[in-house]
Amino acid sequence: MSPDGMERLKRAAAREAVDRYVESGMVVGLGTGTTASWAVRRIGERLLEGSLSGVRGVPTSEYTAALARECGVPLVSLSERRPELTIDGADEIAPDLSVIKGRGGALLREKIVAAASRRGVVIVADGSKQVSLLGNGPLPVEVEPFGWEATAEALAALGCEPELRRVKTQPFVTDGGHYTLDCRFPGIPDPPGLACKIKRVPGALECGLFVGLARAAVIARPEGVEVLEAA
Ligand SMILES: O=C(CO)[C@H](O)[C@H](O)COP(=O)(O)O
């Protein structure tokens, strides 16, 4: 599919999610990534035209905060308010709505905001993100830079090949000042079990497995938009 066609799908999913789930007066968690950005733009558009009012956003990254300001979406911090729900993208979506996130580099803040959201996360994506088993691509793990090599070794012992994410030659640094290890597993049949094991590795701050956090997924394909609600 052409890049334009792909953008149209992302935009359609985000638009449907905002129009279906966001109401006036809500505090909404604002995800990070190209698809989540369309949701921020849609909220801004609807605030401007007056079909929504009093919506405030909790951004999951500096990038999203800047975009929200640009689009006229007022912001509030997580210290002040808990979101009613969060709208965010995903890298892989399993049939039970477990997802992998973080290839866009914001997973720790995204998970904190998602977990703090009363009604969880609405995932927005194009159909290419649906998989039958998570682990097609790498699982991002946000790690403390101190001793990251030892953290990588401990993660490798869980059955993956970790690779330090870099921008050109330098380590990629998250908004929180951390590194990301992209961990390639040969499939992830037990996402909650693996998330628990990763949690026990010192230096691993959070992994990109979001289990039990998505209440719905809004998926756009050329033939139309489908809404999957969690069981
Ligand atoms: O998890 C993320 C950022 O940390 C993104 O939401 C995820 O990578 C999907 O991004 P995109 O919508 O650009 O494909």
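The structure presented is a predicted model; accordingly, all values stated were derived computationally and were not measured. (Residues numbered from 1 in each chain as written. Predicted model: local features only at pLDDT ≥ 70, side-chain atom pairs only at ≥ 80, totals over all residues. Heavy atoms only, no water.)

Engineer: Mind showing me how you'd approach the sheet that holds strand β7 (residues 139-143) here?
Structural biologist: Neighbouring strands of a sheet are bound in pairs by backbone hydrogen bonds; such pairs are parallel or else antiparallel. Across the sheet, 4 strands lie side by side as β8-β11-β7-β12; this open sheet has antiparallel pairing. Only two strands of the sheet have a single partner each, and these edge strands are β8 (161-164) and β12 (204-207). On average, each strand axis in the sheet is inclined to that of its neighbour by 30°, with strand direction left out of account. Across the sheet, helix α6 (residues 191-199) lies against β7 and β12, angled at about 165° from β12, the strand it touches most. (Pairing = 2+ DSSP bridges. Helix = DSSP H or I, 4+ residues; strand = E, 2+ residues; numbered from the N terminus. Axes fitted to C-alpha atoms, helices over the stretch in contact; angles between N-to-C directions. Contact = heavy atoms within 4.5 Å.)

Engineer: Sorry if this is basic, but what is going on with the site of the ligand here?
Structural biologist: Taken together, 17 residues lie near the ligand, and T32, T34, T35, D91 and K129 sit nearest. The separation between an oxygen atom of the ligand and a polar main-chain atom of G102 is 2.7 Å. Within the complex, the protein chains bury 91% of what would otherwise be the 380 Å² of accessible surface of the ligand. Mapped onto the shell around the ligand, the elements with two or more residues apiece are α2 (34-49) and α4 (107-116). (Near = heavy atom within 4 Å. Polar contact = N/O pair within 3.5 Å; in protein donor to acceptor, adjacent residues only side chain to side chain. Areas by Shrake-Rupley, 256 points an atom, 1.4 Å probe, with all protein chains shown as cover.)

Engineer: How should I be thinking about the domain arrangement of the protein in this particular structure?
Structural biologist: By a widely used convention, the size of an interface equals the accessible area lost when the partners come together. Taken domain by domain, the protein holds domain 1 (3-127 + 211-223) and domain 2 (139-205). Computed over C-alpha atoms, the centres of domain 1 and domain 2 are 25 Å apart. In this complex, domain 1 contributes 13 residues to the contact, which on the side of domain 2 involves 13 residues. Between domain 1 and domain 2 lies a buried interface of about 980 Å² when both sides are counted; carbon and sulfur atoms form 64% of it. On the surface where domain 1 and domain 2 come into contact, there are 0 salt bridges. At the boundary of domain 1 and domain 2, one finds 5 residue pairs in polar contact (both at pLDDT 80 or more). Counting residues per element, the side of domain 1 that touches domain 2 draws most heavily on α4, which supplies 3 residues. For the side of domain 1 that touches domain 2, the class distribution of residues is 5 nonpolar, 4 polar and 4 charged. (Domains from an automatic or database assignment. Buried area = accessible area lost by both parts, 1.4 Å probe. Salt bridge = Lys/Arg side-chain N within 4 Å of Asp/Glu carboxyl O. Nonpolar A, V, L, I, M, F, W, Y, C, P; charged D, E, K, R; others polar.)

Engineer: Explain the packing of helix α1 (residues 3-21) against α2 here, please?
Structural biologist: To describe two helices that pack against each other, one gives the angle between their axes and the distance between the axes. Two numbers describe how α1 lies on α2: the axes approach to 8 Å, and their chain directions differ by 50°. In terms of orientation, α1 lies oblique with respect to α2. In this structure, α1 meets α2 at a crossing whose hand is right-handed. On the side of α1, the interface is formed by E7, K10, R11, A14, R15, V18 and D19, while α2 contributes T34, T35, W38, A39, R42, I43, E45 and R46. In terms of residue class, the contact of α1 with α2 is made up of 5 nonpolar, 2 polar and 8 charged. (Parallel < 35°, antiparallel > 145°, perpendicular 65-115°, else oblique. Left-handed = near helix turned anticlockwise from the far one by under 90°.)

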